[in-house]
Amino acid sequence: MESGALSRAQQALVRESWQRVRGDPVQHGTVLFRRLFDLDPDLLPLFQYNCKQFASPQECLSAPEFLDHIRKVMLVIDAAVNQLENLPCLEEYLYNLGKKHQAVGVKVESFSTVGESLLYMLENCLGTAFCPDVREAWTKLYDAVVKAMRHGWDTLPEGD
């Protein structure tokens, strides 16, 4: 993972904007996942807990197990923001996270939809503060995270 993926100015924009989001991770994470299910309803069956299939996105978004998943996703984003100057230290963790996502049936292509959902959530939370420079900084950070996670796919054949 490239440590110089974001300029110092972009790192500052990410940190400043994240400060406004991190205070309520479940609320903002729910916005992210609601948007994700709106963009790609076919992702809903990937989320099962105790063999329970959710009948609707709303049922999923209100399940305590799924709320735990939202917290974990927001913690991963928080870790990336906290390690902006040293993103390579997250490489092994993200690599393993990529393998884990592949094992449960997530396709690499879904990460572009997750990225769109992340940007939507940030825009929803930040309002007019979500300017083009902030969007670009977050896009660069997300691309670096996904690149590291994709290495998990590269080591396993599809379907394993």
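Residues numbered from 1 in each chain as written. Predicted model: local features only at pLDDT ≥ 70, side-chain atom pairs only at ≥ 80, totals over all residues. Heavy atoms only, no water.

Per an unreviewed UniProt entry, the protein chain carries the name Neuroglobin and comes from Apteryx mantelli. UniProt annotates the protein chain under Sequence similarities (unreviewed entry) with the comment "Belongs to the globin family." Per UniProt, the comment on the protein chain under Catalytic activity (unreviewed entry) is "Fe(III)-heme b-[protein] + nitric oxide + H2O = Fe(II)-heme b-[protein] + nitrite + 2 H(+)". (UniProt positions renumbered as here; feature names shortened; annotations may be inferred.)

S.K.: How should I be thinking about the side chain of His28 in this particular structure?
M.R.: Inspection of the secondary structure puts His28 in helix α2 (residues 25-39). Among all residues touching His28, those that are not within four sequence positions of it are Arg20, Val21, Met74, Met121 and Cys125. (Helix = DSSP H or I, 4+ residues; strand = E, 2+ residues; numbered from the N terminus. Contact = heavy atoms within 4.5 Å.)

S.K.: Just checking my understanding: could you explain the packing of helix α1 (residues 8-21) against helix α6 (residues 110-126) for this structure?
M.R.: A pair of packed helices is characterised by two quantities: the angle between their axes and the separation of those axes. Contact geometry for α1 and α6: axes closest at 10 Å, N-to-C directions at 75°. By the angle between their axes, α1 is roughly perpendicular relative to α6. Contacts between α1 and α6 involve Ser17, Arg20 and Val21 from the first element and Met121, Leu122, Cys125 and Leu126 from the second. Of the residues assigned to the contact of α1 with α6, the class counts are 5 nonpolar, 1 polar and 1 charged. (Axes fitted to C-alpha atoms, helices over the stretch in contact; angles between N-to-C directions. Parallel < 35°, antiparallel > 145°, perpendicular 65-115°, else oblique. Nonpolar A, V, L, I, M, F, W, Y, C, P; charged D, E, K, R; others polar.)

S.K.: Explain the nonpolar core here, please?
M.R.: Formed by 52 residues in total, the largest nonpolar core has its most connected members in Phe33, Phe37, Phe66, Trp138 and Leu141. For this core, the secondary structure elements donating two or more residues are α1, α2, α3 (57-62), α4 (64-82), α5 (91-103), α6 and α7 (132-154). For this core, the element with the highest residue contribution is α7, accounting for 11 residues. Leaving out residues up to four positions away in the same chain, Phe66 has contacts with Phe33, Phe37, Phe47, Tyr49, Cys60 and Leu61. (Core = buried A, V, L, I, M, F, W, Y, C linked by side-chain atoms within 4.5 Å. Buried < 20%, exposed > 50% of the residue type's maximum accessible area, 1.4 Å probe, protein only.)

S.K.: Sorry, what's going on with the packing of aromatic side chains here?
M.R.: Working definition: an aromatic ring pair is given by the centre-to-centre distance plus the angle between the planes. For the structure on display, the rule yields 8 aromatic pairs. The interplanar angle of 50° and the centroid separation of 5.7 Å between the aromatic rings of Trp18 and Trp138 together place this pair among those described as tilted. One end of the pair, Trp18, is in helix α1; the other, Trp138, is in helix α7, with 120 residues separating them in the sequence. Just as Trp18 is buried, Trp138 falls in that class too. Ring pairs connect the aromatic residues Phe33, Phe37, Phe47 and Phe66, which therefore count as one cluster. The residue whose ring lies beneath Arg35 is Tyr120, and the NZ or CZ to ring-centre distance is 4.5 Å. (Phe/Tyr/Trp six-rings, centres within 6.5 Å; stacked < 30°, edge-to-face > 60°. Lys NZ or Arg CZ within 6 Å of the ring centre and 35° of its normal.)

S.K.: Would you explain the side chain of Asp78 in this entry?
M.R.: As for its placement among the helices and strands, Asp78 is situated in helix α4. Contacts of Asp78, omitting those with residues within four sequence positions, involve Trp18 and Arg22.

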